[in-house]
Each structure stands twice: as C-alpha cells, then as structure tokens.
Amino acid sequence: MTASATLAFAHDAGAIPVVGFGTSPLTGGLTAETVLTALKTGYRHIDTARKYGTEAAVGEAMRASGLPRREIFLTTKVSHENLRPADFARSVEDSLKALRVDHVDLLLVHWPNPQIDVAEYMPALAKAKRDGLARHIGVANFPTALLDRAVALCPEPLAVLQA
C-alpha cells in the first residue's frame, strides 16, 4: 500500500491521518499550487488556520485536486483574539466561507488567551461540533494545566492537543 493510500484509508476509517501538510505561511507566501502539489504527492491531512491567511488557497487546491472531500482531512483553527463566543462563531463561519466547505474535520483553538477564561470558549468550540461545522475538536499550544481545565469544561470530547 502506498503512503497516499494508507492516509486515505485511515481517513475513510474515521482516524486522523498521522502525517499532515502545514500551511503556515512560507517565505514568499503559500499558493494553491503548493497545496495542490502536496495533495498530488499523497498528503491527505491539510492543516490551515485563520491566522495563517491560507484558507482560501487551501480550499482552491482541494477543489482543483479532484479528490473527493471525504478523502481530505481538513484542520483549521480559531485564533486567540477570537475566543469570545460571538467572535468564535464568526471566525468559524469565515473559515468555512474562505475554504468553501460546509465543515472541517478538525477545529482547534489555536492558542489560549490569558485575557479570556477557557470556560468562556469551550462551549463555543463544542457548539461548532454539535452544529456539524467540525467532526472533531481540540486545542493547540495549551500547557498541561490549561489542557486539563479545557477537557473538564468542554461538553464534547477533545480529540487533539496540537503542540
């Protein structure tokens, strides 16, 4: 089995592909062609974020690839300045519009915000999952103590800590 077949099989089975292609801006920016090349070489997990400014290019590449949506595991993130509930919902909506998809496979809180208590945004993260906007949810860049609080406060299970 090739690497691309392994990743596609893992995603079809509901698992998160182990290897992903990160789209944090590269020197000179990130283009849809770069992401399309990653998809052509077998990557099936694409990691983007509102903060990266790469969601539109990722969405364009996904459509240009000709791959069925179910074969691409798509991650995006809500940035630390958008963690108040109304801002959180708007950020998720803006991400979906930029990507031109109706859901992501994984939605993460990108960074904790010391100005906003985790109890304020964990329900918004869970709501995105319950509303079908994300298949899985999680957090990124959380220290262990804050992760423990997030797990305790989130009404839905967190699938990922991205570090």
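Residues numbered from 1 in each chain as written. Predicted model: local features only at pLDDT ≥ 70, side-chain atom pairs only at ≥ 80, totals over all residues. Heavy atoms only, no water.

Helix and strand content of the chain: six helices and six strands. Its helices and strands taken in sequence order, the chain reads α-β-α-β-α-β-α-β-α-β-α-β from the N to the C terminus. Out of the 163 residues in the chain, the part that is buried amounts to 47%. In the chain, the share of contacts with a sequence separation of at least 24, taken over all contacts with a separation of at least 6, comes to 70%. For the chain, the computed accessible surface area is about 7,900 Å², with 57% contributed by carbon and sulfur atoms. (Helix = DSSP H or I, 4+ residues; strand = E, 2+ residues; numbered from the N terminus. Buried < 20%, exposed > 50% of the residue type's maximum accessible area, 1.4 Å probe, protein only. Contact = heavy atoms within 4.5 Å. Areas by Shrake-Rupley, 256 points an atom, 1.4 Å probe, with all protein chains shown as cover.)

This part covers the pairing of strand β5 (residues 134-140). Counting buried residues along β5, six of its seven residues qualify, which places the element largely inside the surrounding structure. For strand β4 (residues 104-109) and β5, the ladder comprises five bridges, and the chain directions are parallel. Bridge pairing in β5 links Leu108 to Gly138. As for the winding sense of the linkage, the β-α-β connection from β4 through helix α5 (residues 118-130) to β5 is right-handed. Relative to strand β6 (residues 160-162), β5 runs parallel, the two being bridged by three bridges. In the sheet register, Ala140 faces β6, and the bridge partner there is Gln162. With helix α6 (residues 144-153) bridging β5 and the parallel β6, this β-α-β connection has right-handed handedness. (Pairing = 2+ DSSP bridges. Right-handed = clockwise from strand over helix to strand, strands pointing away.)

Take helix α2 (residues 32-40) next. Helical geometry note: an α-helix holds 3.6 residues per turn, so side chains three or four residues apart project in the same direction. All buried positions along α2 are accounted for by Ala32, Val35, Leu36, Ala38 and Leu39. Each buried residue of α2 sits inside an arc of 155° when the element is viewed along its axis, so together they form one side. Structurally, α2 contributes buried residues whose contacts are with β1 (21-22), β2 (45-47) and α3 (55-65). Note on α2: the residue one or two positions beyond its end, Gly42, has a positive phi of about 115°. (Arc of directions from axis to C-beta.)

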